[in-house]
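# Structure at a glance
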Amino acid sequence: MSDDSMPLQELPCGLQSHAPCQSRRMHKRKTRGHLSEGLDTECTPTELIQQWSPPHKTQRLTCKDKENDLFVLARRPRRRRDSRAGISWDHLPDELLLRIYFYLPLQDLLRVSLVCKRWHRLVFDESLWHSVDLQGLTNTGPALQQVLRTGVRRLRCPRAFVEELHLTGTEPLQLVEMDLSSSIIPVSALESIVCRCLRLERLSLEGLQLSDDIVRSLGKNVGLQQLNLSGCSGFSASVLADMLKSCCRIEQLNVSWCGFDKDHVKSVVSNVSPSVSSLNISGYRESLTLDDVKILVDRCPEVQHLDLSDSTLLMADSFLVLKELKNLQHLSLSRCYHIHLAALTDLGQTLPSLRLLDVFGLVQDNQLPPLKKEMPRVSINSMPFSTVARPTPASRLPGDSSCCRAGPTRQEKTTSTAGWKLRENRVI
């Protein structure tokens, strides 16, 4: 039989298994060769990479038939990242975050500062701490100490309780306005604040215990315009005189009901700024005399609001002295018991510029109608409380649109024309 007609013989099992393996190996070598040739070039086309990239893995299913039950084992596909995810907070610029923080109440802002170091730095940026209201805060000491470090310009902290205060460094504070009225604060703590103030324009320390060092430090604020020392004590007449000489720009001064003797009163009337327009020097029954009023009128002829209440030594002859005040609009003579009702009827003609008159304790209710008839252009007993140099509950720096930062509730308050021209929208 010829070779051509020989029957086909079966290959051994080992050869059958090795043949496909060898073909697959050859195919891989060729694939690697073609892929390496394409990737060796400097600019590899995207199509070439996709063409020679390995195929995607498919789910491998394994079926097991056991007791006529079918179990399918499959690999769970990985979750793909959502390409439409929002921008991270870390990618926002500082300016945008500061604008967001600006609208947060005080307590929320302090919570935000604990998120990370960057947010802590931004939270205590000076732009967010121009105005701070700490009224009603129970633990005022640590909060006041932290706020003073932020470069705050306007600080409102009346009726506060401060046990101790530790200010480090000697850098001057940026305070322009400060209200610590009726607060309980040690003299040493108050000294540490005032001695670092050089730019004060409006200050209220009503009802506080002061010292010569505090009053002497106030004299360094030559731009002081409004000063409220009502009910204060603990400083000498000579230091008071030096302070008034240095602060020659004061427009509103309230020194009513202080622990003054005759020397203190003379220091005020002899050294107060000639540009003062509103002055409250009430409460000195046995210390303020007619001679003091004469000195005051000669020194401050532009006074518009004058409070001489509870000066029991003054009589009707003081009207001839007050006549020299051509711009006097508001006069308070409450409880000046030596001034009789008959002398008040001619006061409208004696002081033609007068528009407000307070005579509480001198005129009975049934005597008001005849007196108002004699002075139709004057409003009588319409202001029971003095507003001279007293800060109002809400405030704003002139020309400053920043809001006052305070606690969780928000409200708008406006001021009277006689008080500090300020505004706020966050109050603790």
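A quick note: this is a predicted structure, and the numbers were derived from the prediction, not measured. (Residues numbered from 1 in each chain as written. Predicted model: local features only at pLDDT ≥ 70, side-chain atom pairs only at ≥ 80, totals over all residues. Heavy atoms only, no water.)

## Some thoughts on helix 9 (residues 237–246)
Along helix 9, the residues that are buried comprise A237, V239, L240, A241, M243 and L244. Residues of helix 9 that are buried in the fold lie against helix 8 (212–218), strand 7 (226–228), strand 8 (252–254) and helix 10 (262–271). (Buried < 20%, exposed > 50% of the residue type's maximum accessible area, 1.4 Å probe, protein only. Helix = DSSP H or I, 4+ residues; strand = E, 2+ residues; numbered from the N terminus. Contact = heavy atoms within 4.5 Å.)

## Re the environment of S318
Mapped onto the secondary structure, S318 falls in helix 12 (residues 318–322). Spatially, the C-alpha atom of S318 lies 9.3 Å from that of I339, the residues being 21 residues apart in sequence. Among the polar contacts made by the side chain of S318, one reaches the main-chain carbonyl oxygen of M315 at a distance of 2.7 Å. (Polar contact = N/O pair within 3.5 Å; in protein donor to acceptor, adjacent residues only side chain to side chain.)

## A short note on the packing of aromatic side chains
Summed over all chains, the structure comprises two aromatic pairs. Consider the rings of F260 and Y284, whose centres lie 5.5 Å apart with planes at 10°: the pair is stacked. In this pair, F260 is assigned in the loop between strand 8 and helix 10 and Y284 in the loop between strand 9 (278–280) and helix 11 (290–299), connecting sequence segments 24 residues apart. Overall, F260 belongs to the buried group, its relative accessible area being 12%. (Phe/Tyr/Trp six-rings, centres within 6.5 Å; stacked < 30°, edge-to-face > 60°.)

## Side note on the nonpolar core
Ranked by size, the top nonpolar core spans 99 residues in total, and within it L148, I193, L205, L210, L306 and L331 carry the most contacts. Once residues lying within four places of it in the same chain are set aside, the contact partners of L331 are L306, L322, L347, L351, L354, L356, L357 and D358. (Core = buried A, V, L, I, M, F, W, Y, C linked by side-chain atoms within 4.5 Å.)

## Considerations on a nonpolar patch on the surface
On the surface, W89, L96 and I100 cluster together to form a nonpolar patch covering roughly 280 Å² of accessible area. Mapped onto the elements, L96 comes out in helix 3 (residues 94–101). Residue L96 is classed as partly exposed on the basis of its relative accessible area of 39%. (Patch = residues over 30% accessible without salt bridge, like charges linked within 9 Å, V, L, I, M, F, W, Y side chains within 5 Å. Areas by Shrake-Rupley, 256 points an atom, 1.4 Å probe, with all protein chains shown as cover. Salt bridge = Lys/Arg side-chain N within 4 Å of Asp/Glu carboxyl O.)

## Considering the sheet that holds strand 4 (residues 154–156)
Spatially, eleven strands are ordered 3-4-5-6-7-8-9-10-11-12-13 in an open sheet, and the strand pairing comes out parallel. Sheet topology places strand 3 (131–133) and strand 13 (379–380) at the edges, where each strand pairs with a single neighbour. Looking at chain direction, strand 9 and strand 10 (residues 305–307) are connected through three bridges and run parallel. Bridge pairing in strand 10 places L279 opposite L306. (Pairing = 2+ DSSP bridges.)

## Here we look at the side chain of S309
You can see S309 is positioned in the loop between strand 10 and helix 12. At a separation of 3.4 Å, a polar atom in the side chain of S309 contacts the main-chain amide nitrogen of S334. Contact partners of S309, with chain neighbours within four places excluded, come to S282, G283, S332, L333, S334, R335 and C336.

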